[in-house]
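# Coordinate analysis (summary)
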Amino acid sequence: MKYCVECGSEYQDSVKACADCPEGQLVDKETMRQQGLPIAHEKDTREFIQVGTAENPLTAEDYVRLLEAERVPVIARPRGSGSVDALTTGNALPWWEILVPAEHRARAIELLAREKDNLEATEAEAIRAAEEEERESEGFGAPPPA
Ligand SMILES: [Zn+2]
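Residues numbered from 1 in each chain as written. Predicted model: local features only at pLDDT ≥ 70, side-chain atom pairs only at ≥ 80, totals over all residues. Heavy atoms only, no water.

Taking an unreviewed UniProt entry as the reference, the chain is identified by name as Conserved uncharacterized protein belonging to Stigmatella aurantiaca.

### Here we look at the overall build of the chain
Inclusion rule: Here a helix means four or more residues in a row that DSSP labels H or I, a strand means two or more in a row labelled E, and each is numbered from the N terminus. Remark: exposure states derive from per-residue accessible area (1.4 Å probe, protein chains only) relative to the maximum for the residue type, with buried under 20%, exposed over 50%, and partly exposed in between. The contact rule is simple, with two residues in contact once any of their heavy atoms fall within 4.5 Å. Only the protein chains shown count as covering a residue, and every accessible area follows the Shrake-Rupley method with a 1.4 Å probe.
Helices and strands together make up the secondary structure of the chain, namely 4 helices and 6 strands. Counting from the amino terminus, helix and strand elements in the chain follow one another as β-β-β-α-β-α-β-α-β-α. The buried share of the chain, reckoned over its 146 residues, is 29%. Here the contacts in the chain between residues at least 6 apart in sequence split such that 56% fall between residues at least 24 apart. Summed over its atoms, the accessible surface of the chain is roughly 10,200 Å², and 51% of this surface lies on carbon and sulfur atoms.

### Considerations on the sheet that holds strand β6 (residues 95–101)
Test applied: Here, any two strands with at least 2 DSSP bridges between them count as paired. Interaxial angles span 0 to 180 degrees and are taken between N-to-C directions of axes, which are lines fitted to C-alpha atoms, for helices over the stretch in contact.
Reading across from one edge, β4-β6-β5 is the order of the 3 strands in this open sheet, with antiparallel pairing throughout. Sheet topology places β4 (48–54) and β5 (75–79) at the edges, where each strand pairs with a single neighbour. Put simply, the sheet's adjacent strands are angled 35° from each other on average, direction ignored. For β4 and β6, the ladder comprises 6 bridges, and the chain directions are antiparallel. Bridge assignment links Q50 to a residue of β6, and that residue is L99.

### Here we look at helix α2 (residues 57–69)
Side chains three or four residues apart in an α-helix point the same way, a direct result of the helix having 3.6 residues per turn. Heads up, the condition is: The span expected for a helix works out to 1.5 Å for each residue beyond the first. Identification of polar contacts relies on pairs of N or O atoms within 3.5 Å, with a donor-acceptor requirement for protein atoms, meaning one able to donate a hydrogen and the other able to accept it, and with residues adjacent in sequence counted only if both atoms are side-chain atoms.
With 13 residues, α2 should reach 18 Å at 1.5 Å per residue; the first-to-last C-alpha distance of 18 Å fits that figure. Of the positions making up α2, those classed as buried are T59, A60, D62, Y63, V64, L66 and L67. The backbone nitrogen of L58 lies 3.1 Å from a side-chain oxygen of the residue at the head of α2, namely N56. Once α2 ends, the next one or two residues include R71, with phi positive near 60°.

### Observations concerning the coordination of the zinc ion
Stated precisely, the cut-off is as follows: Counted as donors are the N, O and S atoms within 2.8 Å of the metal, or 3.2 Å for Na, K and Ca, while water is not among the atoms, so some sites may look incomplete. The rule is simple: four donors are tetrahedral if all their angles sit between 85 and 135 degrees, four are square planar and six octahedral if opposite donors span more than 155 degrees and the others lie between 65 and 115, and anything that fits none of that is irregular.
Taken together, C4 (SG), C7 (SG), C18 (SG) and C21 (SG) make up the full set of protein donors to the zinc ion, lying 2.3 Å away. Coordination at the zinc ion is tetrahedral, judged from the 4 donor atoms that bind it and the angles of 107 to 111° they form at the metal. Going along the chain, you hit the donors of the zinc ion in the pattern C-x2-C-x10-C-x2-C. Pair noted here: C4 is in strand β1 (residues 2–4) and C18 is in the loop between β2 (10–11) and β3 (26–28), with a separation of 14 residues, a long-range link.

Rendered as structure tokens:
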């Protein structure tokens, strides 16, 4: 059996290229393991652990894209929308947990921390811009300060 390095799909040894990935090289199982690449049908049996959380689906998506780009297998799972959570935590809003295989834990946490900083910086920038705009529109036509 051979496996696509891009998507992890399994192929007969006679197959030369992945049907889904034009760039996808087919290698043997040993090579996949050495490179820490996920094999499609084994993905679900791996032990995924939580490495982070996201407060909204956009952030969750962003994290998933980021980790996938770094070839870290990732699952984003919505949590905490139940009424029990609302009672115990006082937080009725859903959140997403980001899960990766245990062996990718350290790398994933590092990547997420960096991405979180980026997102917060972008957000702070957006807030600053919004405030600026507000000040400008408020200032327009107002009498000069005494
Ligand atoms: Zn593929």
